[in-house]
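# Chain and residue survey
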Amino acid sequence: METWEAIRSRRNVRAFTDEPVEREALSRILEAGRRSPSSQNRQPWDFVVVTDRDRLGELSKVWRSAGHVARSAATIALVAPVAGDGRHRDQIQYDLGQATMSIMLAAADLGIGSGHSAVADQQLARRVLGFPGDRFCAYLIALGHPAGRPLVPVKRPDRRPLEDVVHWGSW
Ligand SMILES: Cc1cc2nc3c(=O)[nH]c(=O)nc-3n(C[C@H](O)[C@H](O)[C@H](O)COP(=O)(O)O)c2cc1C
């Protein structure tokens, strides 16, 4: 896929086929995350990859809108340091957002669907993923081949109009 096509084709996918995502594809998607820019190049992320069906089922219980994780072929958990200072916390969240989008676009480029999930139950996430006490699980990114609709450019995205969003020169 071309970059512009991948950008327009990515959408939140929450229904997946039973087909696995090949290790090579997963590695490329993870490499896209690793290459993301970060504040002061701190790279505050670790990626925990889950493909085991039972563990995906357990992981899907960390948040009420994480059901699609159970149905995914693989889920990447974004794990980051717990930061005391508000500015550092903001930087970590910004960095994680950039890594998320790189991961999602790399997936879309391969025709693989992706869907975010927030994480509410940190204890459960820690039990399933095994990350250390000074980290938390910020988000989950469920991956898989889209069931039904393949990834094709979205003609009319559900977004605010460009002229509403963009302020040329000044607000
Ligand atoms: C920070 C963030 C958290 C999100 N959390 C969830 C979630 O917990 N469960 C879910 O199904 N979708 C989640 N989403 C997906 C959004 O609902 C989705 O991106 C939005 O509705 C736009 O849809 P689209 O991505 O298909 O264009 C999240 C998205 C972001 C950016």
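Residues numbered from 1 in each chain as written. Predicted model: local features only at pLDDT ≥ 70, side-chain atom pairs only at ≥ 80, totals over all residues. Heavy atoms only, no water.

## Observations concerning the site of the ligand
Residues in contact with the ligand, as listed here, are Arg10, Arg11, Asn12, Arg14, Trp63, Ser65, His68, His116, Ser117, Ala118, Tyr139 and Arg159. One of the backbone nitrogen or oxygen atoms of Asn12 is found 2.8 Å away from an oxygen atom of the ligand. For the ligand, the protein covers 59% of the area, taking 620 Å² as the surface of the free molecule. Counted by class, the shell around the ligand contains three nonpolar, five polar and four charged residues. (Near = heavy atom within 4 Å. Polar contact = N/O pair within 3.5 Å; in protein donor to acceptor, adjacent residues only side chain to side chain. Areas by Shrake-Rupley, 256 points an atom, 1.4 Å probe, with all protein chains shown as cover. Nonpolar A, V, L, I, M, F, W, Y, C, P; charged D, E, K, R; others polar.)

## Let's talk about unusual backbone geometry
For residues other than glycine, phi is negative in most cases, and the peptide bonds are mostly trans. Phi is positive for Gln40, close to 55°, though the residue is something other than glycine. Residue position: Gln40 is located in the loop between helix 2 (23–34) and strand 1 (46–50). If you check the backbone angles, Gln43 has positive phi at about 50° while not being a glycine. Checked against the element boundaries, Gln43 lands in the loop between helix 2 and strand 1. (Helix = DSSP H or I, 4+ residues; strand = E, 2+ residues; numbered from the N terminus.)

## Points about the packing of helix 2 against helix 5 (residues 86–109)
Their axes nearest at 8 Å, the elements helix 2 and helix 5 cross at an angle of 150°. Taken together, the axes of helix 2 and helix 5 lie roughly antiparallel to each other. For the crossing formed where helix 2 meets helix 5, the hand is right-handed. Every residue of helix 5 that contacts helix 2 at Arg28, Ile29, Ala32 and Gly33 is listed here: Ala99, Ser102, Ile103, Ala106, Ala107 and Asp109. (Axes fitted to C-alpha atoms, helices over the stretch in contact; angles between N-to-C directions. Parallel < 35°, antiparallel > 145°, perpendicular 65-115°, else oblique. Left-handed = near helix turned anticlockwise from the far one by under 90°. Contact = heavy atoms within 4.5 Å.)

## Observations concerning the sheet that holds strand 2 (residues 74–81)
Across the sheet, which stays open at both edges, the four strands sit in the order 1-2-4-3 with antiparallel pairing between neighbours. Strands with a single pairing partner mark the edges of an open sheet, and in this sheet they are strand 1 and strand 3 (113–118). Across the sheet, the axes of successive neighbouring strands diverge by a mean angle of 25°, strand direction being ignored. For strand 3 and strand 4 (residues 135–144), the ladder comprises six bridges, and the chain directions are antiparallel. Of the residues in strand 4, the one forming a bridge with Gly113 is Gly144. (Pairing = 2+ DSSP bridges.)

## Topic: the environment of Leu162
The residue Leu162 is located in helix 7 (residues 162–165) in this model. When the C-alpha atoms of Leu162 and Leu124 are compared, they prove to be 40 Å apart, with 38 residues separating the residues in sequence.

## Some remarks on the environment of Glu2
Within the secondary structure, Glu2 sits in the segment before helix 1 (3–9). Here Glu2 falls in the exposed class, since its relative accessible area comes to 59%. Counting along the chain gives 57 residues from Glu2 to Leu59, while the straight-line C-alpha distance between them is 33 Å. (Buried < 20%, exposed > 50% of the residue type's maximum accessible area, 1.4 Å probe, protein only.)

## A look at the nonpolar core
Counting 24 residues, the largest nonpolar core has Ile29, Ile76, Leu96, Ile112 and Leu143 as the members making the most contacts within it. For this core, the element with the most residues is helix 5, which contributes seven residues. Setting aside residues no more than four positions away along its own chain, Ile29 makes contact with Ile76, Ile103, Ala106, Ala107, Leu110, Ile112 and Leu143. With 22 residues, the next largest nonpolar core counts Leu59, Val79, Val128 and Leu140 among its residues. (Core = buried A, V, L, I, M, F, W, Y, C linked by side-chain atoms within 4.5 Å.)

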